Amino acid sequence: MATNRTFTMIKPDAVKNGHIGAILEQINGAGFRIVAMKYTQLSAEKAGEFYAVHKGRPFYDELVTFMSSGPIVAAILEKENAVSDFRTLIGATNPAEAAEGTIRSKYATSIGENAVHGSDSDENAAIEGSFHFAGTDIFA
Ligand code: RTP
Ligand code: MG
């Protein structure tokens with residue numbers, strides 16, 4: 001399997017609850033290398049753009065408000081099979097359904113405030129990575 005990349009955000013709930021260090025440690029421990037990273041806050045406009053695919057869903061406004069409510073950590077991660085392995089590492093969207101030991105099972109508080117984002121395809125990983133980082137911000 002070729003080495004490839006995924007994109008993640010540690011969401012405002014996990015940042016507020018003091019879990020940045022533990023989450024990054026779990027990500028590194030699972031074999032992902034951080035090739036770009038920043039601590040930032042999304043405007044409501046930027047959060048809406050990032051999650052535009054969900055526009056019209058009942059949770060969209062809540063999601064945009066939540067994702068712009070405080071700072072996040074955004075990062076590009078590299079590993080073999082990155083997208084799928086990272087989705088396994090974070091667990092199901094709803095923490096009540098997330099497998100034991102996954103990041104969401106440990107740190108998410110609800111289906112909306114679920115601690116981390118992970119890209120759902122190689123194509124979206126590339127789009128989401130370039131949404132946050134210029135090529136010169138990436139150090140492979
Ligand atoms: P993400 O994109 O953040 O990695 O999450 P995901 O793929 O597991 O879930 P997705 O369906 O893409 O939903 C994006 C985010 O919207 C919020 N959400 N809230 N209240 C709800 O029913 C609901 N459903 C989704 C979550 O923050 C979810 O991660
Ligand atoms: Mg998603």
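These numbers were taken from a predicted model, which means no experiment stands behind them. (Residues numbered from 1 in each chain as written. Chains lettered and ligands numbered in written order. Predicted model: local features only at pLDDT ≥ 70, side-chain atom pairs only at ≥ 80, totals over all residues.)

I'm lost on the overall build of the protein chain in this one. Help?
A count of helical and extended segments in the protein chain gives seven helices and four strands. Sequence-ordered secondary structure for the protein chain, helices as α and strands as β, is β-α-α-β-α-α-β-α-α-β-α. The C-alpha atoms of the protein chain give a radius of gyration of 14 Å, which matches the 14 Å a tight globule of 140 residues would have. Dimensions of the protein chain, computed from the C-alpha atoms along their principal axes, are close to 40 × 35 × 25 Å. Of all 140 residues assigned to the protein chain, the portion counted as buried reaches 36%. (Helix = DSSP H or I, 4+ residues; strand = E, 2+ residues; numbered from the N terminus. Rg over C-alpha atoms; globule rule 2.2 N^0.38 Å. Buried ≥ 20, exposed ≤ 12 C-beta atoms within 10 Å, placed from the backbone.)

Explanation requested: helix α7 (residues 122–132) in the structure shown.
Helical periodicity: at 3.6 residues per turn, an α-helix aligns residues three or four positions apart in one direction. If you check which residues of α7 are buried, you get A125, E128, G129 and H132. Along the axis of α7, the buried residues cluster in a sector spanning 105 degrees; they form a single face. (Arc of directions from axis to C-beta.)

When you look at the site of ligand 1 in this model, what are you seeing that I'm missing?
The immediate surroundings of ligand 1 are formed by H54, F59, L63, T93, I111, G112, N114, H117, G118 and D120. Of the residues assigned to the shell around ligand 1, the class counts are three nonpolar, six polar and one charged. (Near = placed C-beta within 6 Å. Nonpolar A, V, L, I, M, F, W, Y, C, P; charged D, E, K, R; others polar.)

Help me understand helix α5 (residues 82–90) in this model?
A82, V83, F86, L89 and I90 are the residues of α5 that are buried. The buried residues of α5 occupy an angular sector of 125 degrees when projected down its axis, which confines them to one face. Backbone geometry just downstream of α5 places G91 in the positive-phi region, at approximately 90 degrees.

Looking at this model, I keep getting lost on the UniProt feature "binding site: ATP" (unreviewed entry) in the protein chain. Mind explaining?
UniProt feature "binding site: ATP" (unreviewed entry): in the numbering of this structure it lies at K11, F59, R87, T93, R104 and N114. Relative to the helices and strands, R87 is located in helix α5. Mapping R104 onto the fold places it in helix α6 (residues 103–107). Using a count of 24 C-beta atoms within 10 Å as the deciding quantity, one classes R104 as buried. Not counting residues within four places of it along the chain, the set of residues in contact with R104 comprises I90, G91, A92, P95, A98, N114, A115 and V116. (UniProt positions renumbered as here; feature names shortened; annotations may be inferred. Contact = placed C-beta atoms within 7 Å.)

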